[in-house]
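# A look at the structure
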Amino acid sequence: MKTSVRGICAMLAEEAIVLSAYNDGTGTMTVGAGHTAAAGPPVPRSGMTVTLTEAINIFRNDVAQVESQVQAAVRAALSQQQFDALVSWHFNTGAISTATLTRKFNAGDVDGATAEFARWNKSNGKVLDGLIARREREAAMFSKGDYGTPKVRVLESKGGSEEIFTADQIETLLGGALNSEEEQSTEELLANPISQLLPLNRPKQSAAITQSVLQKFHDLIPEDGRDDAVAIVAVRGYYLNTMGKESANDRGVYDDAIFVVEPNGVHNFNGNTDPSRFGRGIARLKPRQAIRYRPGPHGFSRKNGPYPAFRQDSDCTVIRDETGEDTDSPTSRFWINLHRGGVTSTSSLGCQTVPPHQWNEFKTLVDGLLKKHGQATFYYLLVDQDDVPQEETTMPAITQPAPAPATTEANPVQLLQQILGLAALSRGHKPASQEDMTWLLDVLRAITTQPTMINGVVLNGPKPDPLASVSDPTLTPVNGALGKTLGHALDGRKTAIGAIGMLATTILPIFFPPLAPITAVAAPLIEGATNAGAAAAAAQADGGLGRELVTAAFPVFAAIGGWGVMGKVEKWVRALRGGLEAPAA
């Protein structure tokens, strides 16, 4: 549960809000509603000022731990008014886990728990009127839901003039803003067809390249962070020419990259290093600098208060629109934080942001790594895409191993590993994968099914085609004018073999029966010549090109019935077709 705005106002009415940091008299800098560095960020410093909305949300962030402790200690069901009263009481006493009040309420004795408030009216053993009045207000809130009419005193500076705000005014101040884009769901970002905020993939930069960038600009990191185990490298303009305007680093899109570097590797995230829009004075972080960050809240002006982020913890230099460079100091931070981005905008006026659907993963990863390596802070190095060395795209040279002595037997496992490695390199990548093994097996299987390939084409090269024409390789010397015309529509070899086949095995036996035995000799020769080339080899599945041509020619000659030789031709063709069987595979 969270304390209601009415509950917050009731607590704020117990002490004044001071909008300028001041020394509380003990040397402790304080700002807002009693906020000190012990409560967490922001750290009050001399000269620091906050707005009323920021002061209220800083207070709400301080109360968050108290809220968690109340929920942990109370087992009974809580209404909003009871929760608000217990948070106020525990914020002042710190006794939620040990008090009789808590024990009675957990036992179901609400009246008894209400009566216990009055007992907590002493400070250092002395009863104080202020505590008596506060306990009465808390008991009324707890039992009746009566928040009274709290009035919040607001001072510009300690000891200065004050202004009174009612609970209604505070509620209007906090409730007037619309929900922040950061609160919208990841699904909205991914389903938004008009925003075009995200690239298609996460950055694919290798860990080696990221490490080399960190090493190249290592001197930019102050000495206190050079030995840190955890660092972040951000590349501005990583997607320079793949989204947005060509050769322009756009604003309002996640076209940059953020890399979390740790001893065990590098983790890649999409990101944004620029403001969401242009406007005079709007700042963007200057590249080629390293800034220290620490976990802390962001968004003190949000309606629902700040949320966890990483806050700027060292000086930085920004480039402001139309005004040039500007550098801050410990007393006047720019608060270029690192936080979750938005759904329809990158939600940045200079901060570095991570897309909402990657933010939880990013935050959990960095928090875990900091805890693991004992770091309270980390350095964030921002560079431009031009500062990143290009990935090596050429195939590296392969060092040939020295030949093994004749007496040494080859290790089949090592030999296969070497062959597989070469196969992967030939396919443009390394190391070898299962896909490379499958590809290699397919190659070996093809070789074993055609053993003549090794001694033929592979070792000796392809044999010249005896029928190829010197002047025109697509034709053959015997084509002549007719063959050349037909060659544009048919393969030259088919034309030539078809002409020779018809002449030698059809025409001559018809008119010269004594020459019929030539078919027995011509048929194998025709078949062998037809199947000599690789292009014709594919046609062998149906009995070979020679048989195909002769079969196709039969209807033509069968039509010449006036010559009185129909029966002879039909008999010969049947015999020829039966003799031209396709060679075995």
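This is a predicted model, so every value here is computed, not measured.

It is the contact of helix H3 (residues 80–93) with helix H6 (residues 129–144), at a shortest axis distance of 7 Å, that shows an interaxial angle of 155°. With respect to each other, H3 and H6 are oriented roughly antiparallel. The handedness of the crossing between H3 and H6 comes out as left-handed. Two secondary-structure elements touch here, H3 through Gln81, Gln82, Asp84, Ala85, Leu86, Ser88, Trp89, Phe91, Asn92 and Thr93 and H6 through Leu131, Arg134, Arg135, Glu138, Met141, Phe142, Ser143 and Lys144. Classifying every residue of the contact of H3 with H6 gives seven nonpolar, six polar and five charged.

With that settled, consider the pattern of salt bridges. Counted according to the given criterion, the structure contains 20 salt bridges. With a shortest N-O distance of 3.5 Å, Glu322 and Arg280 are connected by a salt bridge. With a gap of 42 residues between them, Glu322 in the loop between strand S13 (317–320) and strand S14 (324–327) and Arg280 in the loop between strand S9 (265–271) and strand S10 (283–285) connect regions that are remote in the sequence. Arg280 matches Glu322 in its accessibility class, with the two residues each being exposed. The closest approach of N and O atoms between Asp387 and Arg288, which form a salt bridge, is 2.5 Å. In this pair, Asp387 is assigned in the loop between strand S17 (378–384) and helix H11 (412–426) and Arg288 in the loop between S10 and strand S11 (289–298), connecting sequence segments 99 residues apart. In the salt-bridge network here, residues are joined through shared partners; they are Asp224, Arg292, Arg294 and Asp313.

All right, on to the confidence of the model for the chain then. Residues at a pLDDT of 70 or more form 66% of the chain, whose mean pLDDT is 75. When the criterion is pLDDT under 50, residues 532–552 qualifies, and its contacts beyond four places in sequence or with other chains add up to 34 contacts.

With six of eight residues buried, helix H1 (residues 5–12) lies mostly within the body of the structure. Listing the buried residues of H1 in full gives Gly7, Ile8, Cys9, Ala10, Met11 and Leu12.

Residues Leu12, Ile17, Val70, Leu86, Trp89 and Phe117 are the most contacted members of the largest nonpolar core, which totals 44 residues. Mapped by element, the contributors of at least two residues to this core are H1, strand S1 (17–23), helix H2 (52–73), H3, helix H4 (100–106), H6, strand S5 (151–155) and helix H7 (167–175). The dominant element in this core, judged by the number of residues it contributes, is H2, at nine residues. Among the nonpolar cores identified, the runner-up in size contains 24 residues, and Cys316, Leu338, Val366 and Leu369 belong to it.

The subject of this paragraph is the sheet that holds S13. Spatially, S10-S13-S14 is the arrangement adopted by the three strands of the open sheet, whose pairing is antiparallel. In this open sheet, the two edge strands, each paired with only one partner strand, are S10 and S14. Averaged over all neighbouring strand pairs, the angle between strand axes comes to 40°, with direction disregarded. Pairing of S13 with S14, which is carried by four bridges, proceeds in the antiparallel orientation. When the bridges of S14 are listed, Arg320 appears paired with Gly324.

The next point concerns the pairing of strand S8 (residues 256–262). Of all seven residues that make up S8, seven are buried, and the element is covered over most of its length. Side-chain alternation along S8 places Asp256, Ile258, Val260 and Glu262 on one buried face and Ala257, Phe259 and Val261 on a second face that is also buried. In this antiparallel pair of consecutive strands, S8 and S9, the connection spans two residues.

So, about the packing of aromatic side chains. Describing an aromatic ring pair means giving the distance of the ring centres and the angle of the ring planes. The final tally for this structure, using the stated rule, is 14 aromatic pairs. With a centroid separation of 6.0 Å and 15° between ring planes, the pair formed by Tyr293 and Phe378 is classed as stacked. With Tyr293 in strand S11 and Phe378 in strand S17, this residue pair connects regions lying 85 residues apart in the sequence. The exposure class of Phe378 is buried, given its relative accessible area of 0%. Seen in terms of ring centroids, Tyr293 and Tyr380 are 5.5 Å apart; in terms of plane orientation they differ by 70°. Their pairing is edge-to-face. Pair noted here: Tyr293 is in strand S11 and Tyr380 is in strand S17, with a separation of 87 residues, a long-range link. Accessibility classification places Tyr293 together with Tyr380 in one group, the buried group.

Turning to the side chain of Arg292, a few remarks are in order. Secondary-structure assignment places Arg292 in strand S11. At 3.2 Å, the side chain of Arg292 forms a polar contact with the side chain of Tyr379. With residues up to four places along the chain from it excluded, the contact list for Arg292 reads Asp224, Arg311, Gln312, Asp313, Ser314, Thr377, Phe378 and Tyr379.

For Asp62, the position within the fold is in helix H2. Not counting chain neighbours up to four residues away, the residues in contact with Asp62 comprise His35 and Ala39.

Moving on to the packing of H2 against H3. Close contact between H2 and H3 brings their axes to 9 Å; oriented N to C, the two are set at 105°. If you check the angle between H2 and H3, you find them roughly perpendicular. Each of Phe59, Val63, Val66, Glu67, Gln69, Val70 and Gln71 in H2 lies in contact with H3, whose residues at this interface are Phe83, Leu86, Val87, His90 and Phe91. Along the lines of polarity and charge, the residues of the contact of H2 with H3 split into eight nonpolar, three polar and one charged.

Two elements, S1 and S5, share two bridges in a ladder whose sense is parallel. Bridging across to S5, Ile17 finds its partner in Val154. Here five bridges tie S5 to strand S6 (residues 162–166), and the two strands are oriented antiparallel to one another. Counterpart to Lys151 in the pairing with S6 is Thr166.

Our focus in this paragraph is the sheet that holds S6. Strand order in this open sheet of four strands is S2-S1-S5-S6, and the pairing throughout is mixed. The open sheet is flanked by strand S2 (29–32) and S6, the only strands paired with a single partner. Across this sheet, the average inter-strand angle for adjacent strands is 30°, counted without regard to direction. Note: S1 against S2, three bridges, orientation antiparallel. Counted as the bridge partner of Tyr22 is Thr30 from S2. Strands in contact with H2 are S1, S2, S5 and S6; relative to S1, the strand with the most contacts, it is inclined by about 75°.

Its location among the elements puts Asn201 in the loop between helix H8 (186–191) and helix H9 (207–216). In this structure the C-alpha to C-alpha distance between Asn201 and Asn270, which are 69 residues apart in sequence, comes to 8.4 Å. Those residues within four positions of Asn201 in sequence are excluded, and the remaining contacts are Tyr239 and Asn270.

Cut-offs and rules
Residues numbered from 1 in each chain as written. Predicted model: local features only at pLDDT ≥ 70, side-chain atom pairs only at ≥ 80, totals over all residues. Heavy atoms only, no water. Axes fitted to C-alpha atoms, helices over the stretch in contact; angles between N-to-C directions. Helix = DSSP H or I, 4+ residues; strand = E, 2+ residues; numbered from the N terminus. Parallel < 35°, antiparallel > 145°, perpendicular 65-115°, else oblique. Left-handed = near helix turned anticlockwise from the far one by under 90°. Contact = heavy atoms within 4.5 Å. Nonpolar A, V, L, I, M, F, W, Y, C, P; charged D, E, K, R; others polar. Salt bridge = Lys/Arg side-chain N within 4 Å of Asp/Glu carboxyl O. Buried < 20%, exposed > 50% of the residue type's maximum accessible area, 1.4 Å probe, protein only. pLDDT = per-residue confidence, 0-100. Core = buried A, V, L, I, M, F, W, Y, C linked by side-chain atoms within 4.5 Å. Pairing = 2+ DSSP bridges. Phe/Tyr/Trp six-rings, centres within 6.5 Å; stacked < 30°, edge-to-face > 60°. Polar contact = N/O pair within 3.5 Å; in protein donor to acceptor, adjacent residues only side chain to side chain.

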